Every structure is written in C-alpha cells, then in structure tokens.
Amino acid sequence: MELLKTPASVFVLKQKMWQVRGMKNLKIDEYFPKSYSDSRQRFLEQASHIREACQIGFWPVSSKSDTDLFVDYLWLGPTDKTVKPEKCFVITSGIHGSEGYAGSAIQSMFLSEILPQIDRRRTGFLVVHAMNPYGFKHHRRCTENNINLNRNFSISGEIFKRDCSESTRMSQVFLTRRPVSSKESFLLKSKHILAEKIWFGDFSMDQVVKAVSPGQFQNPEDLEYGGKCLEPQSLNLIEMLRNVMGPFKDIIGFDLHTGLGDRGRLHLLTDGNDTSVDQGLFNELFKPKEDQSIYVFTPSDEEGFYEVHGSLNSVFADLKIKDQRVCSITMEFGTLGHSLEAQVAGWNSFVLDHEGHFYGFTDSDLKNQITTENFERSYPNDHRWRHDVIIAARGLFESVLMRAKLL
C-alpha cells in the first residue's frame, strides 16, 4: 500500500483481507448512532476490517471545550495496480454537524452492505466521517466558530471577498440581537400572505431564502456565515482530494445532508454551479425519471432551493485536471417537508436557534424547546423516517454503481 503524501495523514493501517464483520444483520434503526463518540467508534471499527488498499486516518479539530473531536477518513485505493484507474467516489458526512446522525448511518450501511459487493480493481473510495464533529457532538449545524462549513470551501480564497449585501440586509431586518423570549421569531411575526405567496415584511419568502441561504462572509453573528478563511478541516479535505483525484478519469462526490425537501424523500441537489456537474457523467449514472421511486432531482433554481457559495461540491470542479470529469451531488433527505408552511416553521426554528446561540434565552424551558425542535430539522425522532433514509440511500448507491458496472 502506498501512503498519501499529505501532512493531514496521521496514521495508516494495513489490514488483512477480511470483510466488514458484525454488521450484516443490523436492523435499520441500529445503523443510526447514539452520539458522535458512538458514531466515530463504529466508523473506525468498520474501517479497520476492510480488505486491501486500506488507509485510515484522522484530522484533529481544535476546540475551546472539547479534546475528542476528529474528522476520520477511510481511503480505499484501486486493488489492481496493473490497470488504469477509472472512477473515484467520495462520500462525506456531517458537514452540518447535527445532520451527522443520518450521514453516519448511511456510511455505515454503505460499508457493511454495499462495499463488499463492489468490483474495486479500477475504483477508489474516499469516505469522510463527521466533517463538523463539534456540531455533531453538540447538535449544532455550524462549527464552534459559528461557521457553516458548507459555505467555507474555496481554493483561491476569492469566495471570502464576495459581496453579500442582500444577505446582510436580511439579517439586519429580521434578527433582533437580544435574548430569545418567544417561540415566534421576528421573521415569523412579520409573515403575511400576498397574491397567494408568503411574505416577510417587504420581502417574499423566496427573496429571503435566495438572499440568506447561499452564505455570507462578513459577520459571524449574521445568518449563514461562511468564515473569512478556510477552516482546518476544509483545508485538510482539499489537500486530501488534491492527492487522490489525479489518476482517475471520473470523480463522483456524494455529500450527505438532511433538512430540505419532502419528509423522508431523497432529493439530489447541486450547488447551482454548472462546472460541478459534468452532464455526460451525470447522464451515465443518474436517470431521474427511471429512478423516481428512489429520489427526485431538484434544480437549485426551484422555489425554496438555492445556489450555494463556497460549498464542498464546488471543490471538485476547482481541483479537476484536463479531461477529468466531475459530478458532485448533495444527497438531501427531507425532514420537515417542502410545503410553504413547513419551510416557514423551519426558518422560524433556524432563526430562534441562531439568536439563542449568540444572545441566550430568557428561560431554560424555552431554550430546551427551541433547541430540541431545531435538532428535529436535522434528525427526526421517527422510525419511519430512518427507514426511508436507508432504503433510499441503498437504492441510490446500487443504481449508480450498477450503471458504473461496479456491481
């Protein structure tokens, strides 16, 4: 096994030729971890039993409050060194920390059920667990620095100079910047219906979504802050990808998320940047009409969805070399639903949790109610939802890998 030449590699293990053990007969609910530490332990245990060309490593994440935060990764190189590599799959989870529960479960299912069936002779797999371990552990969407890590990726650094005045304006209008005293945010209190559409004050809901959600890089206390420079784990992942992508013809990225969309439904999303998805490669692997029972492909310009600045998906296009094809996709499992009422409820919860994080709550009961409801946006306490997530993820991986002639 050849080591990757990256300072982020901390340790490497060679493993004997055995399959992942002890995971074959798990019930679906058992794929979902009890906590970040439980999830990490399982990921490392599963990774340690993978056969051939296996490299396990981690990137420590510094914290003011914790000493046990790590981004762990598993690199599986092609097993046949005599043939030219063809495809490299990258599966990342927990970039929004509280969404790591579902992301971890999907990765666990992939390693135990799907990977042992794959023809790995020409194919590489990079599986990255818990990109935002602080958020995973503390049920926060953002990092300890209140950075939305999925707005923090930029090879050139130009993203951090972006003018996000519309986003700033929305935060100025709708954030009260004082302790939360009610389950209704100022955003919700300003809601009204006009021409059968939802408005917040003078702005339509779609205007608010498309102004705020893409991210901003000026003020940590405003909504959807992407930072002013790369977070350490963003830099580590970029360097890892820079090292592994080169030999392959095709790079396919899957970033695992929960939240947007119809409850329990898998939505495939892009970051809205045409260079992140090679249409030819997409058409080879994804058939939205044929696969409609598994997922729905949702364009970023559909109402309620949006373009993203500084997303992880954008990195693949920035790093690709001549003639290389990339297709980086967000796998988003809906939680609250896609109705306008559900979206309003989600935004209300998001704003209240954000203000509570910075300015506190007027009493502990209110804090518990709001933080619990906000966590439900990422990880519903619902067996049926968990079942649907695993079934859809399994179906998506199987359909893509079969079309790639790897199963």
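Further up the page is the structure itself.
Engineer: For helix α11 (residues 364–378), give the residues involved together with the corresponding values.
Structural biologist: Compared with the 21 Å implied by 1.5 Å per residue over 15 residues, the 22 Å span of α11 between its first and last C-alpha is a close match. Among the residues of α11, those classed as buried are L366, I370, N374, F375 and S378. Down the axis, α11 shows its buried residues gathered within 155 degrees of arc, on one side only. The backbone nitrogen of D365 has a side-chain oxygen 3.1 Å away, supplied by the residue at the start of α11, namely D363.

Engineer: Got a sec to walk through the sheet that holds strand β5 (residues 191–194)? Specific residues and values, please.
Structural biologist: Strand order across the open sheet formed by three strands is β5-β6-β7, with antiparallel pairing between neighbours. Sheet topology places β5 and β7 (203–204) at the edges, where each strand pairs with a single neighbour. Note that strand β6 (residues 197–200) and β7 share two bridges and pair antiparallel. By the bridge assignment, W199 is partnered in β7 with S204.

Engineer: Could you give an account of the state of the cysteines, with specific residues and numbers?
Structural biologist: Two cysteines, two sulfur atoms, one covalent bond between them: this is a disulfide. Throughout the structure, instances matching the rule amount to zero disulfides. For C88, which is in no disulfide, the shortest distance to another cysteine sulfur is to C327 and amounts to 13 Å.

Engineer: Give me the pattern of salt bridges: which residues, what numbers.
Structural biologist: Tallied over the entire structure, the rule returns 22 salt bridges. Taking the shortest distance from any N to any O, the salt bridge between D206 and K210 comes out at 3.0 Å. Here D206 pairs with K210, and both are found in helix α6 (residues 205–212), just four residues apart, close to one helical turn.

The rules behind the values
- Residues numbered from 1 in each chain as written.
- Predicted model: local features only at pLDDT ≥ 70, side-chain atom pairs only at ≥ 80, totals over all residues.
- Heavy atoms only, no water.
- Helix = DSSP H or I, 4+ residues; strand = E, 2+ residues; numbered from the N terminus.
- Expected span 1.5 Å × (residues − 1).
- Buried < 20%, exposed > 50% of the residue type's maximum accessible area, 1.4 Å probe, protein only.
- Arc of directions from axis to C-beta.
- Polar contact = N/O pair within 3.5 Å; in protein donor to acceptor, adjacent residues only side chain to side chain.
- Pairing = 2+ DSSP bridges.
- Disulfide = S-S within 2.5 Å.
- Salt bridge = Lys/Arg side-chain N within 4 Å of Asp/Glu carboxyl O.

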